[in-house]
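Chain by chain, the residues:
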Amino acid sequence: MELAWGKNKHWLLPLVNGKPDKTKAIALYTPVDGTLQLTPTKGDKQEALIEGGETEAVKYKKNKHQVVFEVRQGNEDGTPRKKPIEDNDGVIEGEYQYLCQPENAKVEGIRVDRCIVSCEDSLNMSDGGRWKYTIDALKPSEGNTVKWEVITDPTADAAKTE
């Protein structure tokens, strides 16, 4: 069995008129070990109760999803790293598509067709500076909010179409 683990690659693609623009794909830095997580929040539970407190029916609302990861600040080859996407005190403008490709590119990764992104700066003396990115998934035009599929490098796709 091959699993979706290891050193991933991931990208943000700005949405232009509701479609991802591969020519403006943003390759994100490799996350700090163990920080990349897709976290679902179970949809609210609705219960139809009858006299005596018994449950006659149950229905759940849709789950919510959030992707969180941290990347280190610092220098690469003597040059300070720049944020892959600029923020204004944590606020990042616009909507994006998020793609995450596992180390083994033949194994399914995740695609979030529509999301917003925010950033938090942090610093500690044992690890240095970090940027924590939070990706909140939004309702897509169709299908599930998180789609599991084999992910290809969108920058390679964009280069083929130029």
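Predicted model only: the values in this text are computed from it and were never measured.

1. Focus on unusual backbone geometry
- A positive phi angle, near 55°, is found at D77, a position not held by glycine.
- Looking at where D77 falls in the secondary structure, it is placed in the loop between β8 (75-76) and β9 (79-80).
- Given a relative accessible area of 82%, D77 falls into the exposed group.
- The phi torsion at D89 lies on the positive side, around 50°, for a residue other than glycine.
- Assignment of secondary structure puts D89 in the loop between β9 and β10 (96-101).
- Accessibility expressed as a relative area gives 79% for D89, which makes it exposed.

2. Let's talk about the pattern of salt bridges
- All chains considered together, the criterion is met by twelve salt bridges.
- The closest approach of N and O atoms between K24 and D21, which form a salt bridge, is 4.0 Å.
- Judged by its relative accessible area of 17%, D21 falls in the buried class.
- The partner of K147 in a salt bridge is D113, and the shortest N-O contact between them spans 2.8 Å. Of this pair, K147 sits in strand β13 (residues 146-149) while D113 sits in strand β11 (residues 109-124), placing them 34 residues apart in sequence.

3. Comments concerning the pairing of strand β7 (residues 64-72)
- In this structure, strand β4 (residues 37-41) lies alongside β7, joined through five bridges in antiparallel fashion. Note that in β7 the partner of L38 across the bridge is V67.
- In the sheet, β7 pairs with strand β12 (residues 128-137) via seven bridges, with the strands oriented antiparallel. Bridge pairing links E70 to K132 in β12.

What counts as what
Residues numbered from 1 in each chain as written. Predicted model: local features only at pLDDT ≥ 70, side-chain atom pairs only at ≥ 80, totals over all residues. Heavy atoms only, no water. Helix = DSSP H or I, 4+ residues; strand = E, 2+ residues; numbered from the N terminus. Buried < 20%, exposed > 50% of the residue type's maximum accessible area, 1.4 Å probe, protein only. Salt bridge = Lys/Arg side-chain N within 4 Å of Asp/Glu carboxyl O. Pairing = 2+ DSSP bridges.

As far as function goes, none of this settles anything; it's purely spatial.
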